[in-house]
Structure formats: C-alpha cells, structure tokens
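Chain residues, written in single-letter form:
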Amino acid sequence: MRQRLLEACVECLVEEGWSGTSTTLVSQRAGVSRGAQLHHFPTKNDLVVAAVTHLSEVRGRELAAAAETVPRGRRRTRAVLAMLADHFTGTVFIAALELWVAARTDAQLHAAVAPLEQQIGRDVHRLTVDLLGVDESRPGTRELVQATLDLVRGLGLADTISDDRARRDHILDQWARTLDAALKESA
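Scope of this entry: the structure provided in the associated data block. Everything numeric in this text was worked out from a predicted model, so none of it was measured. (Residues numbered from 1 in each chain as written. Predicted model: local features only at pLDDT ≥ 70, side-chain atom pairs only at ≥ 80, totals over all residues. Heavy atoms only, no water.)

1. A few points about the overall build of the protein
Argument step 1. Tallying secondary structure elements over the protein gives nine helices and zero strands in all.
Argument step 2. Going from N to C terminus, the protein has its helices and strands arranged as α-α-α-α-α-α-α-α-α.
Argument step 3. Residues counted as buried form 44% of the 187 residues belonging to the protein.
Argument step 4. Within the protein, counting contacts between residues at least 6 apart in sequence, those at least 24 apart form 65% of the total.
Argument step 5. Put simply, the protein shows about 9800 Å² of open surface, and 53% of that area lies on carbon and sulfur atoms.
Argument step 6. Computing the positive centroid from 23 side-chain charges and the negative centroid from 25, the protein places the two 2 Å apart. (Helix = DSSP H or I, 4+ residues; strand = E, 2+ residues; numbered from the N terminus. Buried < 20%, exposed > 50% of the residue type's maximum accessible area, 1.4 Å probe, protein only. Contact = heavy atoms within 4.5 Å. Areas by Shrake-Rupley, 256 points an atom, 1.4 Å probe, with all protein chains shown as cover. Lys, Arg positive; Asp, Glu negative; His and termini not counted. Charge placed at Lys NZ, Arg CZ, Asp CG, Glu CD.)

2. As for the pattern of salt bridges
Note that side chains of opposite charge can pair when their charged atoms are close.
Argument step 1. Applying the stated criterion across every chain yields a total of twelve salt bridges.
Argument step 2. Here Glu136 and Arg126 are joined by a salt bridge, their closest N and O atoms 3.1 Å apart. Note that Glu136 is positioned in the loop between α7 (107-132) and α8 (141-159) and Arg126 in helix α7, a separation of ten residues in sequence.
Argument step 3. What makes Arg126 partly exposed here is its relative accessible area of 41%. (Salt bridge = Lys/Arg side-chain N within 4 Å of Asp/Glu carboxyl O.)

3. What to know about α7
Argument step 1. The first and last C-alpha atoms of α7 sit 37 Å apart over 26 residues, in line with the 38 Å expected at 1.5 Å per residue.
Argument step 2. The residue sitting at the N-terminus of α7 and contributing the capping side-chain oxygen is Asp106; that oxygen lies 3.1 Å from the backbone nitrogen of Gln108.
Argument step 3. Positive phi appears at Gly133, one or two residues downstream of α7, with a value of about 65°. (Expected span 1.5 Å × (residues − 1). Polar contact = N/O pair within 3.5 Å; in protein donor to acceptor, adjacent residues only side chain to side chain.)

4. As for the nonpolar core
Argument step 1. With 29 residues, the main nonpolar core has Met83, Leu84 and Val124 as its most contacted residues.
Argument step 2. Elements that contribute at least two residues to this core include exactly α4 (44-68), α5 (76-88), α6 (91-103), α7, α8 and α9 (165-186).
Argument step 3. No other element matches α5, which puts seven residues into this core.
Argument step 4. Setting aside residues up to four positions removed in sequence, Val124 forms contacts with Leu63, Leu84, Phe88 and Leu149.
Argument step 5. Among the nonpolar cores identified, the runner-up in size contains 28 residues, and Cys12, Val26, Ala30 and Leu47 belong to it. (Core = buried A, V, L, I, M, F, W, Y, C linked by side-chain atoms within 4.5 Å.)

5. Considerations on the layout of surface pockets
It is the rolling of a water-molecule-sized probe over the atoms that shows where space remains empty.
Argument step 1. Estimated volume of the largest pocket: approximately 240 Å³.
Argument step 2. Together, 15 residues line the largest pocket, and Glu117, Gln118, Gly121, Arg122 and Arg153 are the ones closest to its centre.
Argument step 3. Going through the elements one at a time, α7 and α8 are the ones with two or more residues in the lining of the largest pocket.
Argument step 4. A total of eight residues in the lining of the largest pocket trace back to one element, the largest contributor, which is α7.
Argument step 5. Within the lining of the largest pocket, the residues separate by chemical class into five nonpolar, four polar and six charged. (1 Å grid on protein atoms, 1.4 Å probe; cavity = no way out; pocket = protein on both sides within 12 Å on 5 of 7 lines; lining within 4 Å. Points joined across faces, edges and corners; volume = space filled by probe spheres on them. Nonpolar A, V, L, I, M, F, W, Y, C, P; charged D, E, K, R; others polar.)

So this is what it looks like as structure tokens:
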C-alpha cells in the first residue's frame, strides 16, 4: 500500500504538478482509502518527503540500468549523452523538477529535497565519469563532465515546454564531438 501511494504521488507530480497534487488525489489514484493514506502519511509534506526518497531511489535504478546498455566503441560519448538526455527528459525527472520548484519556497520540503538531490548529483557525476572513462585528476576534466550534466539537465528543462528532440539531437551531436576533442586534449 505504501509503495502504491508513493508511485501515485510521483504520477500526480508529473501529471498535475506540485500545486495540483493533493493527498486526496494521491489516495484515489493509489486505490486506497483516505484513512489508509493518512495512516501512512498524515500530511502532504510527509507524503512528498517519502516520495522524494522513493524518487531518488527510482532515479538511481533507472540510471544504473541505462548505463548497462551504453555501447562501447567510437560513438560511446554520444551514446552516454543520449542516455543522460533520456533520463533528463523522462517522467522521473519531471517529478523531481516539480519538487525542486516547490522546495525553493518551502523550507521543510527544501530540507528533504536538497540533500537527496546533492547525492543524486554526485552519483550521476560519478556514473558519467565512469561511462566516459575519463580521469578527473586531469585539469578541466571535472568541469567538462559537470558542463555536460548541466547541458543535458537544461535540455531536459527545455523539453518540459515543448518537444525539441530534433534540436536536442543536433546539440548533443555537436557536444559529443566537442567533448571528445576536449577530453583528448586534456589526456
């Protein structure tokens, strides 16, 4: 039941946004009574904080699974960028984005979201370093990896307004070439 509530909360965040997500809507979507929902999560913040944790775990599992499918070879960098772009344009990222915006002005939510997002940021950074096979001790490499993550996150944000897949693909094609050249220079 708890799992159904958490998944329903994430779905509501994606479809209804933060302001449209209510404990009543979540319990209806999960197919549980309001009393059962209140037993597990007495307030919206209790529910959302638990959903944030759940969301962090889901994001980690999704990225790890996607990383397993990245091919080796000369177009690996582009494949890594595609994997990251898929993650940052997916529904789990949209739900996280809703929480980021809400956490900006809600201190209690911010206290829950910020440490989890920092951990996810470190995990995604480390995963990207591993997938690209780069040495962060080389000058500029850490910054290139972080710029890559900032780029795909920004492209994911742009995708929430309109489907810009064609533009995104052109940008990622160019960034793969730029990144490969820059990483080769720092080697």
